[in-house]
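# Observations on chain architecture
Here's the letter readout for the chains.
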Amino acid sequence: QVQLVESGGGLVQAGGSLRLSCTASGRTFSPYTIGWFRRAPGKEREFVAQIAWSGGITYVADSARGRFTISRDNAKRTLYLQMNSLKPEDTALYYCAVRMSAGGTYNTWGQGTQVTVSS
């Protein structure tokens with residue numbers, strides 16, 4: 001059973017930066033992709049970025065492209081999200097999640113870490 005634990009959230013002023021981390025535990029860990037999602041108050045959960053665990057191919061949502069960078073450290077089983085030029089609209093609970101196969105869905109989620117950007 002894979003467990004995901006996010007960290008690194010906090011309160012930051014607009015224009016600032018944060019780096020989120022997501023560490024996986026479990027006996028085996030070999031996902032197809034691992035990604036970041038967020039849910040802002042009163043809104044639906046939104047895809048932010050994902051990375052292939054093997055090969056490292058990334059995809060970033062339009063709302064984050066150019067400001068956020070996703071990366072991973074396979075040896076540490078850790079996913080990162082470097083967020084720069086933060087905006088108040090980036091305020092949300094950020095989750096990491098894994099998808100175990102190409103035809104599968106994101107079905108294992110962490111508890112989330114709160115990011116609040118003040119104007």
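You'll find the structure just up there.
Fair warning: this is a prediction, and the values are worked out from it, not measured in the lab. (Residues numbered from 1 in each chain as written. Predicted model: local features only at pLDDT ≥ 70, side-chain atom pairs only at ≥ 80, totals over all residues. Heavy atoms only, no water.)

### Brief notes about the packing of aromatic side chains
- Overall, the coordinates contain six aromatic pairs when judged by the stated rule.
- Ring geometry for F37 and F47: centres 5.6 Å apart, planes at 75°, overall edge-to-face. With F37 in strand β4 (residues 33-39) and F47 in strand β5 (residues 46-52), the pair connects residues that are ten residues apart, well separated along the chain.
- Aromatic pair Y95 and W109: ring centres 6.4 Å apart, planes at 85°, arrangement edge-to-face. With Y95 in strand β9 (residues 92-99) and W109 in strand β10 (residues 106-109), this residue pair connects regions lying 14 residues apart in the sequence.
- On the accessibility criterion, Y95 (17% relative accessible area) is buried.
- For W109, a relative accessible area of 25% gives the class partly exposed.
- Note that R19 overlies the ring of Y80, its terminal NZ or CZ placed 4.0 Å from the centroid.
- A cation sits over an aromatic face here: R65 above Y59, 5.6 Å from the ring centre. (Phe/Tyr/Trp six-rings, centres within 6.5 Å; stacked < 30°, edge-to-face > 60°. Helix = DSSP H or I, 4+ residues; strand = E, 2+ residues; numbered from the N terminus. Buried < 20%, exposed > 50% of the residue type's maximum accessible area, 1.4 Å probe, protein only. Lys NZ or Arg CZ within 6 Å of the ring centre and 35° of its normal.)

### Focus on the state of the cysteines
- Under the defined criterion, the tally for this structure stands at one disulfide.
- Linked covalently through their sulfurs, C22 and C96 form a disulfide whose S-S length is 2.0 Å. Across the disulfide from C22 to C96, rotation about the S-S bond amounts to roughly 60°, and the bridge is consequently right-handed. Taken as a pair, C22 in strand β3 (residues 18-25) and C96 in strand β9 lie far apart in primary sequence, 74 residues in all. (Disulfide = S-S within 2.5 Å.)

### Here's the deal with the pattern of salt bridges
- Under the criterion given, the structure shown has four salt bridges.
- Taking the shortest distance from any N to any O, the salt bridge between D90 and R67 comes out at 2.7 Å. Here the residue D90 occupies a position in the loop between β8 (78-83) and β9, and R67 occupies one in the loop between β6 (58-60) and β7 (68-73), the gap between them amounting to 23 residues. Exposure class is identical for D90 and R67. Each is buried.
- Residues joined by salt bridges that share partners form a network here, namely R38, E46, R67 and D90. (Salt bridge = Lys/Arg side-chain N within 4 Å of Asp/Glu carboxyl O.)

### Some points on the sheet that holds strand β1 (residues 3-7)
- Read from one edge to the other, the open sheet built from four strands follows the order β1-β3-β8-β7, with strand pairing classed as antiparallel. Both outer strands of the open sheet, β1 and β7, are each paired with one neighbouring strand and no more. The sheet shows a mean angle of 15° between the axes of neighbouring strands, direction not considered.
- In the sheet, β3 pairs with β8 via six bridges, with the strands oriented antiparallel. Paired with T23 across the bridge in β8 is T78. (Pairing = 2+ DSSP bridges. Axes fitted to C-alpha atoms, helices over the stretch in contact; angles between N-to-C directions.)

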